[in-house]
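Each chain, letter by letter, is given below.
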Amino acid sequence: MSKIVVLTYVLRVLGTIFVLLYFFGSGLFYNLFPGLEGLSLNPLFYLGIAFYILGASLYYLVNKKERQIKKNEDEDDSN
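Remember, it's a predicted structure, so these values are computed and weren't measured experimentally.

> Is there a simple way to explain the confidence of the model for the chain in this structure?
Note that predicted coordinates carrying low pLDDT should not be read in detail. Averaged over every residue, the pLDDT of the chain is 87; residues scoring 70 or more account for 99%. Within the chain, no element has a lower average pLDDT than helix α2 (residues 26-32), which sits at 81, and none a higher one than helix α1 (residues 3-24), at 92.

> What exactly am I supposed to notice about a negative patch on the surface here?
Negative charge collects at one region of the surface, where Glu73, Asp74, Glu75, Asp76 and Asp77 lie side by side. Structurally, aspartate 74 can be placed in helix α3 (residues 42-78).

> Hey, could you run me through the side chain of threonine 8 in this one?
You can see threonine 8 is positioned in helix α1. Threonine 8 sits in the buried class, given a relative accessible area of 1%. The residues touching threonine 8, leaving out its near neighbours within four places in the chain, are Gly55, Leu58 and Tyr59.

> Please clarify how the packing of α1 against α3 should be interpreted in this entry.
If you want to describe how two helices pack, look at the angle between their axes and the distance between the axes. Here α1 crosses α3 at 155 degrees, and the two axes come no closer than 7 Å. The angle between α1 and α3 places the two elements in the roughly antiparallel class. Seen along the crossing, α1 lies across α3 with a hand that is left-handed.

> What is the right way to look at the packing of aromatic side chains in this model?
For any pair of aromatic rings, the description rests on two quantities: the centre-to-centre distance and the angle between the ring planes. A complete count under the given rule lists seven aromatic pairs for this structure. Between the aromatic rings of tyrosine 22 and phenylalanine 45, the centroid separation amounts to 4.9 Å while the plane-to-plane angle is 40 degrees, which identifies the pairing as tilted. Of this pair, tyrosine 22 sits in helix α1 while phenylalanine 45 is found in helix α3, placing the two residues 23 residues apart along the sequence. Judged by its relative accessible area of 25%, tyrosine 22 is partly exposed. Arranged with centres 5.7 Å apart and planes meeting at 65 degrees, the rings of phenylalanine 45 and tyrosine 46 form a pair that is edge-to-face. Between the NZ or CZ atom of arginine 12 and the centre of the ring of tyrosine 59, over which it lies, the distance is 4.8 Å.

> Even after reading the chapter, I still don't get the nonpolar core, so can you show me in this structure?
One recurring pattern in soluble globular proteins is that nonpolar side chains are buried together. Judged by nonpolar contacts, Phe18, Leu21, Phe29, Tyr30, Leu41 and Leu44 together constitute the single largest core of six residues. Going through the elements one at a time, α1 and α2 are the ones with two or more residues in this core. Not counting the four nearest positions on each side in its chain, tyrosine 30 is found in contact with Leu36, Glu37, Leu39, Ser40 and Leu41.

> Help me understand the side chain of arginine 12 in this model?
Considering the arrangement of structural elements, one finds arginine 12 in helix α1. Summary of buried charges: arginine 12 has no salt-bridge partner, and the nearest side chain of opposite charge, glutamate 66, is 11 Å away. If we skip the residues at most four places from it in the chain, arginine 12 touches Phe51, Tyr52, Gly55, Ala56 and Tyr59.

Conventions and cut-offs
- Residues numbered from 1 in each chain as written.
- Predicted model: local features only at pLDDT ≥ 70, side-chain atom pairs only at ≥ 80, totals over all residues.
- Heavy atoms only, no water.
- pLDDT = per-residue confidence, 0-100.
- Helix = DSSP H or I, 4+ residues; strand = E, 2+ residues; numbered from the N terminus.
- Patch = residues over 30% accessible without salt bridge, like charges linked within 9 Å, V, L, I, M, F, W, Y side chains within 5 Å.
- Areas by Shrake-Rupley, 256 points an atom, 1.4 Å probe, with all protein chains shown as cover.
- Salt bridge = Lys/Arg side-chain N within 4 Å of Asp/Glu carboxyl O.
- Lys, Arg positive; Asp, Glu negative; His and termini not counted.
- Charge placed at Lys NZ, Arg CZ, Asp CG, Glu CD.
- Buried < 20%, exposed > 50% of the residue type's maximum accessible area, 1.4 Å probe, protein only.
- Contact = heavy atoms within 4.5 Å.
- Axes fitted to C-alpha atoms, helices over the stretch in contact; angles between N-to-C directions.
- Parallel < 35°, antiparallel > 145°, perpendicular 65-115°, else oblique.
- Left-handed = near helix turned anticlockwise from the far one by under 90°.
- Phe/Tyr/Trp six-rings, centres within 6.5 Å; stacked < 30°, edge-to-face > 60°.
- Lys NZ or Arg CZ within 6 Å of the ring centre and 35° of its normal.
- Core = buried A, V, L, I, M, F, W, Y, C linked by side-chain atoms within 4.5 Å.

Structure (structure tokens):
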């Protein structure tokens, strides 16, 4: 796998972790960072969504390019 594909997986996993932390881990988050007690976790949720969308978009673009290259190679082999 290329480095960009691994990066897309890392971004999507990080985004998923942030969203799950928003929904289920607020107590853990506030225990780790007690100075943020009383502040909203909404930025964490939005950052998770942004990371996931960025990773999914990059994966789509890279995969689209690889499929096009493979399709061109298959057409060349069949001719």
